[in-house]
Amino acid sequence: MNPSAKIAASKTPSKGRPPGRSGNPAKAATAPAVQRGPITWRDWVAGARLRTLPLAIAPVALGTGAGVLMLSFVDEPWHPWRFVLALIVALALQVGVNYANDYSDGIRGTDAHRVGPSRLTGSGLVPPKRVLAVALVFFGIAAVAGLVLVVLTQQWWLLAVGAAAIVAAWFYTGGKRPYGYSGLGELFVFVFFGLVATAGSAFVQALDVNLEAWTGGAGVGLIACAVLMANNLRDIDQDRAAGKRTLSVLVGPLVSRILFAVFLLLPFGLVVFWSFVYPTATLVLFALLAAIPACVIVGWGRTPREFVSALQLASLTALAYGVGLGLVFAL
């Protein structure tokens, strides 16, 4: 469910199938690895894809702000440690799914069609089981932090929500029939990176979910969908060659570019709506300074480097949107 699982800078434009690679993913998986120096800590950091972390921070910040708003009505203090734990859950899940995608795409041979830097598994420099083990460690961190949250709130049904999030994270590219290979990535991203993460962060604060959390969750979920759409648009030729039927592959480049703009700009309509109740919400519209250039780049971009720039701007938009609207609600 990682909306930016393959974000990486590239100096080589996408021109279809890389020379010398087989169009068969199974054969591609056995292709000789590109020889480089030994693996370094920088490679592991790159594998964590830190530029995707704003997509984990935004819903937690927004949901916490909505929860603080509800607590203010009953004159109760907010719970900072619950915020920290919710943030750990979101960040650990994000990093975990990044490593899990590295592992799953690598063993499938999908990364043999990449136009960006090689992944840990796909490069052949790290044994697949080691990458999988690191992914499981981060999933474990998320599970422990989530369990502590359940104990603090005494809402044991949240265990099912946490388990569903981990399962969704794994089956994005893992398993025999990953939903990320069937055009369903954006749907799951909207649900888990938007509604679930935001409403869940609000609930652990106030044990309730208000309209601010639901609408805010829809907003950050749509922005996360925009990030995933741009990512898949960048790799549309390579994904098609690998048999990965993302939404971009299914609808084509033109519709994908239009959907990116819709996903990224529609959430600001919600900001205008809330500005009639919270006048300071208009300040969140400054996030358009990042969103509009991202739409322009995706609309006319052709090279992987251009799409990476759009991804970075879209991630920045998510962070400004989530933190900004969360502060509006809390203050």
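Source: prediction; values computed, not measured. (Residues numbered from 1 in each chain as written. Predicted model: local features only at pLDDT ≥ 70, side-chain atom pairs only at ≥ 80, totals over all residues. Heavy atoms only, no water.)

Peer 1: Quick one: what's the story with empty space enclosed by the protein, residue by residue and with numbers?
Peer 2: Any space left empty among the atoms is revealed by the rolling of a water-sized probe across them. A full pass over the atoms with the stated rule returns two cavities of 30 Å³ or more. The volume enclosed by the second largest cavity comes to roughly 30 Å³. As for the second largest cavity, its lining consists of Leu55, Ala58, Pro59, Phe193, Val220, Ala224 and Ala318. Across the lining of the second largest cavity, the residue classes break down as seven nonpolar, no polar and no charged. (1 Å grid on protein atoms, 1.4 Å probe; cavity = no way out; pocket = protein on both sides within 12 Å on 5 of 7 lines; lining within 4 Å. Points joined across faces, edges and corners; volume = space filled by probe spheres on them. Nonpolar A, V, L, I, M, F, W, Y, C, P; charged D, E, K, R; others polar.)

Peer 1: Got a sec to walk through the packing of helix H3 (residues 54-73) against helix H8 (residues 211-234)? Specific residues and values, please.
Peer 2: Two elements in contact, H3 and H8, have axes separated by 9 Å at closest approach and are oriented at 170°. One finds that H3 runs roughly antiparallel with respect to H8. Contact with H3, carried on its side by Leu55, Ala58, Pro59, Leu62, Ala66 and Leu69, involves Glu212, Ala213, Gly216, Val220, Ala224 and Val227 of H8 and no other residues of that element. Of the residues that constitute the contact of H3 with H8, the class distribution is 10 nonpolar, one polar and one charged. (Axes fitted to C-alpha atoms, helices over the stretch in contact; angles between N-to-C directions. Helix = DSSP H or I, 4+ residues; strand = E, 2+ residues; numbered from the N terminus. Parallel < 35°, antiparallel > 145°, perpendicular 65-115°, else oblique. Contact = heavy atoms within 4.5 Å.)

Peer 1: An account of the environment of Leu91 is requested, with residue identities and associated values reported.
Peer 2: Inspection of the secondary structure puts Leu91 in helix H4 (residues 80-108). Taking the relative accessible area as the measure of exposure, Leu91 reaches 24% and is therefore partly exposed. (Buried < 20%, exposed > 50% of the residue type's maximum accessible area, 1.4 Å probe, protein only.)

Peer 1: A description of a nonpolar patch on the surface should follow, citing residues and the corresponding values.
Peer 2: Judged by side-chain polarity, Leu250, Val251, Leu254, Val255, Ile258, Val262 and Leu266 come together as a nonpolar surface patch covering roughly 590 Å² of accessible area. Secondary-structure elements contributing two or more residues to the nonpolar patch are helix H10 (247-251) and helix H11 (253-265). Considering every element that reaches the nonpolar patch, the biggest residue donor is H11, with four residues. Checked against the element boundaries, Ile258 lands in helix H11. (Patch = residues over 30% accessible without salt bridge, like charges linked within 9 Å, V, L, I, M, F, W, Y side chains within 5 Å. Areas by Shrake-Rupley, 256 points an atom, 1.4 Å probe, with all protein chains shown as cover. Salt bridge = Lys/Arg side-chain N within 4 Å of Asp/Glu carboxyl O.)

Peer 1: Give me the side chain of Thr215: which residues, what numbers.
Peer 2: Positionally, Thr215 belongs in helix H8. Thr215 sits in the buried class, given a relative accessible area of 15%. A polar side-chain atom of Thr215 sits 2.8 Å from a polar atom in the side chain of Trp274. Residues in contact with Thr215, not counting those within four places in the same chain, are Leu270 and Trp274. (Polar contact = N/O pair within 3.5 Å; in protein donor to acceptor, adjacent residues only side chain to side chain.)

Peer 1: Just give me the short version of the layout of surface pockets, but keep the residues and values in it.
Peer 2: Of the pockets and cavities examined, the largest pocket occupies roughly 750 Å³. Looking at the largest pocket, it is lined by 35 residues, and the ones nearest its centre are Val89, Val161, Gly162, Val196 and Gly200. For the lining of the largest pocket, the secondary structure elements donating two or more residues are H3, H4, helix H5 (128-153), helix H6 (158-170) and helix H7 (185-206). Considering only residue class, the lining of the largest pocket consists of 30 nonpolar, five polar and no charged.

Peer 1: I'd like to hear about the packing of aromatic side chains, residue by residue, with values.
Peer 2: On inspection of all chains with the given rule, the structure shows 13 aromatic pairs. Ring plane angle 55° and centroid distance 6.0 Å describe the contact between Trp44 and Tyr99, whose orientation is recorded as tilted. Taken as a pair, Trp44 in helix H2 (residues 41-48) and Tyr99 in helix H4 lie far apart in primary sequence, 55 residues in all. Of the two residues, Trp44 and Tyr99, neither departs from the other in class, the shared state being buried. Put simply, the rings of Tyr172, Tyr179, Phe188 and Phe192 touch in pairs and so form one group of aromatic residues. (Phe/Tyr/Trp six-rings, centres within 6.5 Å; stacked < 30°, edge-to-face > 60°.)

Peer 1: Summarise the pattern of salt bridges; cite the residues concerned and give the values.
Peer 2: Applying the stated criterion across every chain yields a total of four salt bridges. We note a salt bridge from Asp235 to Arg234, for which the minimum N-O separation is 2.8 Å. By relative accessible area, Arg234 is classed as buried at 3%.

Peer 1: So what's going on with the confidence of the model for the protein? Which residues, and what values?
Peer 2: Per-residue confidence for the protein gives a mean pLDDT of 87, with 85% of residues at or over 70. Confidence drops under a pLDDT of 50 for residues 4-35, and excluding neighbours within four residues, the segment shows 81 contacts in the predicted structure. (pLDDT = per-residue confidence, 0-100.)

Peer 1: Lay out H2 with the relevant residues and their values.
Peer 2: Asp43, Trp44, Gly47 and Ala48 are the residues of H2 that are buried. Projected down its long axis, H2 carries its buried residues within an arc of 145°, all on one side. As for H2, its buried residues are in contact with H4 and H5. Residue Arg49 follows H2 closely and has a positive phi angle near 55°. (Arc of directions from axis to C-beta.)

Peer 1: Go over the environment of Pro178 with me, naming the residues and quoting the values.
Peer 2: Inspection of the secondary structure puts Pro178 in the loop between H6 and H7. Apart from residues lying up to four places away in sequence, Pro178 is in contact with Arg108, Phe171, Tyr172 and Thr173.

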